[in-house]
Amino acid sequence: MLLQDPARLLMPALLALPLLIAACGEPVGEIEMPEPSGEVSEAEQRLADAVREPAALPEPLVAARVPEGQHTSDVLRCLRGRDTAIISAHRGGVEEGFPENAIETFANTLARGPMILEMDLRRTSDGVIVMMHDETLERTTTGGGNVSDLTFAELSALQLVDNEGTTTAFRAPSLAEVLNWARGRALVQLDVKRTVPVEEVVAAVVANDALSYAAVITYSVEDAIRAAQADENVVISIQITEQEHLDALLAAGIDPARLMAWTGVHREPRPDIWDMVAAADIPIAFGALWYIDRDVMESGDVSIFQDIADGGVTVIATDIHWTAYEALEERQDTVAAFRACTAQ
């Protein structure tokens, strides 16, 4: 049963928000990439075996089994056709005791209701793509230094820390591990950090048979084109806030059926941008992160989430995922729509 106490819903997010805001910087500069070994390390195999235990994690309230021949973008179009918006749980749905970018956190989120899981990708020194937002380890683990300086086995020896600073028993998973756990369970958005070649992420999505339920987040038209060149069927999330962005993507030959339009993080709804994207029949995503989330926590007025959905947005990214989910439940039946748009 979903929590109904608004204060209890808002407090964990209020405590976590300053830490999330402080962690949003991105490294800049040229980084030399080691060649991937092509071998699965002992630690990666051990973790992959562990998550395949059927009783280890709770199952989703509504499993995301994408219909045969369809992709995440098709599911979003189906939801839009049912006038239903879905929440994107930022960094997987962080809560007290559940740190960001952990499979245990992903499972905890989906056990209570259907959402999309947004997660972050970094790369270890031996070429393993892992779940981690920061390039440095101090904020989110019991270790220190850079992710790129550790092997996957060394990273696996560290424990994850939640946003209240509490050490958990959880460890940073690899991308392959997450994609295998998510199959038949979740729709995932893979936020590719600048230290990770987008082609390697697409290759991992293909290798793990995840094209139907994974979307690759890119930050430039150039990266979106590189992702599409790596595999024409991959679903790409790309910022589209101006007509020029859309024109460049279409001119590059990217299939609009495989696009999600990220329309940015703003202090208020942006129907001008949304109308432009909707005319191209591309699902619209919008960030309530930081500004709108903060205003909702301060005022207690959650109606803006309904206003965003009414404006045609299908995916709302937020740190206060359950507050937003409950607000949307006043205008829609999320579970029924999600079941109808996935293979339930």
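No experiment lies behind these values; they were computed from the predicted model shown.

### Side note on the state of the cysteines
1) Next: What the rule picks out here adds up to 1 disulfide.
2) Next: In this model, C78 is linked to C341 through a disulfide, with the two sulfur atoms separated by 2.0 Å. An S-S torsion of about -80° defines the bridge between C78 and C341 as left-handed. In this pair, C78 sits in helix α3 (residues 72–81) while C341 sits in helix α14 (residues 334–341), placing the two residues 263 residues apart along the sequence.
3) Next: Judged by relative accessible area, which is 26%, C78 ranks as partly exposed.
4) Next: The class for C341 is buried, based on a relative accessible area of 2%.

### Details of the pattern of salt bridges
1) Next: Following the criterion strictly, the structure yields 18 salt bridges and no others.
2) Next: Among the salt bridges present, the one from K193 reaches D191, with a minimum N-O distance of 3.3 Å. For the pair K193 and D191, a shared accessibility class is recorded, and that class is buried.
3) Next: Of the charged contacts in the structure, one is a salt bridge between D310 and R331, with a shortest N-O distance of 3.0 Å. With D310 in helix α12 (residues 303–310) and R331 in the loop between α13 (321–328) and α14, the pair connects residues that are 21 residues apart, well separated along the chain.
4) Next: Residue class for R331 comes out partly exposed when judged on its relative accessible area of 22%.
5) Next: Ionic contacts of the salt-bridge type, sharing partners, join the residues R91, E100, D134 and R139 into one network.

Quick notes on the rules
Residues numbered from 1 in each chain as written. Predicted model: local features only at pLDDT ≥ 70, side-chain atom pairs only at ≥ 80, totals over all residues. Heavy atoms only, no water. Disulfide = S-S within 2.5 Å. Helix = DSSP H or I, 4+ residues; strand = E, 2+ residues; numbered from the N terminus. Buried < 20%, exposed > 50% of the residue type's maximum accessible area, 1.4 Å probe, protein only. Salt bridge = Lys/Arg side-chain N within 4 Å of Asp/Glu carboxyl O.

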